[in-house]
Amino acid sequence: MSAEPPATPDTSPVPPETKDWTVVIDQGCGECGFRPGYDVATTGRRTRDTVDRWTAVLDVLGMTDRPGPGTWSPLEYACHVRDLCRVFRERLRLMLEEDDPVFPDWDQNAVAVEEQYNLQDPYEVSGELAQELRATADAFDAVSGSQWARTGRRGDGKEFTVASFAAYFLHDVEHHLRVDARG
Ligand SMILES: [Zn+2]
């Protein structure tokens, strides 16, 4: 690893996402090639498969450069996916242990600003991200049988099963890697 972040990475807020990404669960995603109806039992393996590519993203010059106004840098996406793993693992635990829980809210844009994602140490982020991806892969690997049909809801009322939640999570990780943070 030889990359040094530039002196003044942009840490200003980016506009919040307005698209409803839950449509990719049923319709897939034309931007990244995610296909609907994949075998959810492969969620853990596919999540684990992204670790090396995420590590590569954080080992290049320009990882803190934003490709355009209002778009996160590769480092910011990596921080986002690291924290996404933590949040989604907790939501998965809730679905498995409680009946139809409502997930605690998570404002990803507010967290990105508060935690100054673009000023974080890329080497530490790389290690943390790999650890979080593997832990979340393990959590999905441990799901079996009727557990895939258990339910939970977001604060905005959007309903998930463990299976649709797995698809939503996996798409997020793969989409950010393929479309947003290519190293
Ligand atoms: Zn996508």
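Since we're looking at a predicted model, the values are computed, not measured. (Residues numbered from 1 in each chain as written. Predicted model: local features only at pLDDT ≥ 70, side-chain atom pairs only at ≥ 80, totals over all residues.)

## With respect to the overall build of the chain
At step 1: Scanning the chain from terminus to terminus reveals 7 helices and 2 strands.
At step 2: In sequence order, the secondary structure elements of the chain are arranged as α-α-α-α-α-α-β-β-α.
At step 3: Here the chain has a C-alpha radius of gyration of 16 Å; the compact-globule value for 183 residues is 16 Å, and the two agree.
At step 4: The dimensions of the chain, computed from C-alpha atoms along their principal axes, are 50 × 30 × 30 Å.
At step 5: Residues counted as buried form 31% of the 183 residues belonging to the chain.
At step 6: Long-range pairs, those at least 24 residues apart, make up 79% of the contacts in the chain with a sequence separation of at least 6. (Helix = DSSP H or I, 4+ residues; strand = E, 2+ residues; numbered from the N terminus. Rg over C-alpha atoms; globule rule 2.2 N^0.38 Å. Buried ≥ 20, exposed ≤ 12 C-beta atoms within 10 Å, placed from the backbone. Contact = placed C-beta atoms within 7 Å.)

## With respect to the packing of helix α4 (residues 74-97) against helix α7 (residues 162-180)
Two numbers describe a pair of packed helices, the interaxial angle and the distance between the axes.
At step 1: The interhelical angle for the contact between α4 and α7, taken along N-to-C directions, is 175°, at an axis separation of 11 Å. If you check the angle between α4 and α7, you find them roughly antiparallel. Across from Tyr-77, Val-81, Leu-84, Phe-88, Arg-91, Leu-92 and Met-95 in α4, the residues of α7 making contact are Val-162, Phe-165, Phe-169, Asp-172, Val-173, His-176 and Asp-180.
At step 2: Its residues assigned to classes, the contact of α4 with α7 shows 10 nonpolar, 1 polar and 3 charged. (Axes fitted to C-alpha atoms, helices over the stretch in contact; angles between N-to-C directions. Parallel < 35°, antiparallel > 145°, perpendicular 65-115°, else oblique. Nonpolar A, V, L, I, M, F, W, Y, C, P; charged D, E, K, R; others polar.)

## Brief notes about helix α6 (residues 122-141)
At step 1: Compared with the 28 Å implied by 1.5 Å per residue over 20 residues, the 28 Å span of α6 between its first and last C-alpha is a close match.
At step 2: Among the residues of α6, Pro-122, Val-125, Ser-126, Leu-129, Glu-132, Leu-133, Thr-136, Ala-137, Ala-139 and Phe-140 are the ones counted as buried. For α6, the angular spread of buried residues about the axis comes to 155°, placing them on one side. In this structure, α6 carries Tyr-123 and Glu-124 as exposed residues pointing more than 90 degrees from its buried face.
At step 3: Lining the buried residues of α6 we find α2 (43-49), α3 (51-57), α4 and α7. (Expected span 1.5 Å × (residues − 1). Arc of directions from axis to C-beta.)

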